[in-house]
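Structural characterization, general
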Amino acid sequence: MASRVQEVTLLGVCDGDLDSNRYQTSYLTNKVGGHPDVFPGFCPLSPRCSRCGAPLALVVQVYCPLEASPYHRNLHLFACPGEECSGRSESWRVVRSQCLEEETARTPSRSVPVQEAPLAATDWCDSADDWGMEGEEGWGGGAPCDTDVSTQLQDLSLSEHLEDAPIFRPFFISVVEESDLYGEEDDLHHAQQLLREYEKREGVAVGELDGDGGGGEGGGEKYEKTRARHGDTVFSRFMKKISVCPEQILRYCRGGKPLFISEPPPNTAQMVSACGSCGGSRTFEMQLMPALVSLLQRKDGGAEAELEFGTVLVYTCTKSCWTAGSKTAVDEFCLVQSDPDQQLFK
């Protein structure tokens, strides 16, 4: 199959409350918080913190099939909201699960919407082409899905496993291509205004944004020579990049380049471990953004969540390998970077 050389960065933004009285979600739903939705017949997702042993809370669920692939595909990101664990990579966990489309078509999903959900919440995965992915070949078969009776038993098991897990208030996620935001006068004007506010607050001159997201003539050189007040040009570059859509809560670009919020470790490539299933390499796929922090509120109204981060970088198996007959999600790799100036996003 011919390779498709194209990088499309998709931005996820909050698209309103996910009211369980109106909507019943499924593995097709892109969302923040709530309970994780799994494929019919799959093992419940109930991970615990490797540092303190406490149950992890679902942070984000993303439906992300690959182009020309016969598989449904999900990523679930979990984190420990404990104060001592906040911002630590070992207190996060990202898992990937896949299932053949023909299997789910044969088995009705338990999660049928009570009322049709907003199109924007799920339309970013109507076609794998929306992700700009290259096709993958040579995968193993997907996990077979069980009968409705088995699915009901799974629901009971899932409730038991998640009984003590903290739950973040759920929100829908909608998506927009980053490139679509450039060149639109209203959005660009708003971005310029945010840049001016940032410059005033940080005592730094970033320069103007042009239609392609860079500085004006000579702006790039001026920007590279600029040092922010806290002396972090990586953070300044991060702020400039997201200024066109500061409300973005995640960025998706499988095989693309991550947007670091602080200086990455010199051995970042070595830190990203090989796939635990096939031993192959991993590639960058997506990252969570600072604007998500303020949305992570406990659903039960209990103690305020202590979860804070700058960005969470997610790396997944380059081949997206899958074992035939598996009903258990596989672990992937994530790297948490702290925010040099967390107050900017509160």
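Attention here is on the structure that accompanies the text. (Residues numbered from 1 in each chain as written. Predicted model: local features only at pLDDT ≥ 70, side-chain atom pairs only at ≥ 80, totals over all residues. Heavy atoms only, no water.)

1. Re the overall build of the protein
- Broken down by element type, the protein carries seven helices and eleven strands.
- With 346 residues in all, the protein has 52% of them scored as buried.
- Intrachain contacts of the protein at a sequence separation of at least 6 include 79% that bridge at least 24 residues.
- Accessible surface for the protein amounts to roughly 15700 Å². Of this, 48% is attributable to carbon and sulfur atoms. (Helix = DSSP H or I, 4+ residues; strand = E, 2+ residues; numbered from the N terminus. Buried < 20%, exposed > 50% of the residue type's maximum accessible area, 1.4 Å probe, protein only. Contact = heavy atoms within 4.5 Å. Areas by Shrake-Rupley, 256 points an atom, 1.4 Å probe, with all protein chains shown as cover.)

2. Looking at the environment of Ser-91
- Counting through the fold element by element, Ser-91 comes out in the loop between strand 4 (71–79) and strand 5 (92–100).
- For Ser-91, a relative accessible area of 1% gives the class buried.
- The residues touching Ser-91, leaving out its near neighbours within four places in the chain, are Cys-49, Arg-51, Leu-56, Phe-78, Ala-79, Cys-80 and Cys-85.

3. A look at the environment of Pro-70
- Structurally, Pro-70 is set in the loop between strand 3 (57–63) and strand 4.
- C-alpha of Pro-70 to C-alpha of Glu-101: the two residues are 31 residues apart in sequence and 5.9 Å apart in space.
- Dropping the residues within four chain positions of it, Pro-70 is found in contact with Cys-99, Leu-100 and Glu-101.

4. A few points about the packing of aromatic side chains
- A full pass over the atoms with the stated rule returns seven aromatic pairs.
- Where Tyr-23 meets Phe-172, the ring centres are 5.1 Å apart and the plane angle is 75°; that geometry is what we call edge-to-face. With Tyr-23 in the loop between strand 1 (10–17) and strand 2 (31–32) and Phe-172 in strand 6 (residues 171–177), this residue pair connects regions lying 149 residues apart in the sequence. This pair shows no difference in class: Tyr-23 is buried, exactly as Phe-172 is. (Phe/Tyr/Trp six-rings, centres within 6.5 Å; stacked < 30°, edge-to-face > 60°.)

5. Looking at the nonpolar core
- Val-59, Val-60, Trp-92, Leu-288, Leu-292 and Phe-309 are the most contacted members of the largest nonpolar core, which has 32 residues in total.
- Of all the secondary structure elements, the ones that give two or more residues to this core are strand 3, strand 4, strand 5, strand 6, strand 7 (250–252), strand 8 (282–288), strand 9 (311–317) and strand 11 (333–337).
- Here the element with the most residues in this core is strand 3; it accounts for four residues.
- Dropping the residues within four chain positions of it, Leu-292 is found in contact with Val-32, Val-59, Val-60, Ile-249 and Phe-309.
- One finds Tyr-27, Phe-78, Ala-329 and Val-330 within the second-largest nonpolar core, a separate group that totals 19 residues. (Core = buried A, V, L, I, M, F, W, Y, C linked by side-chain atoms within 4.5 Å.)

Purely geometric stuff here, so don't read any function into it on its own.
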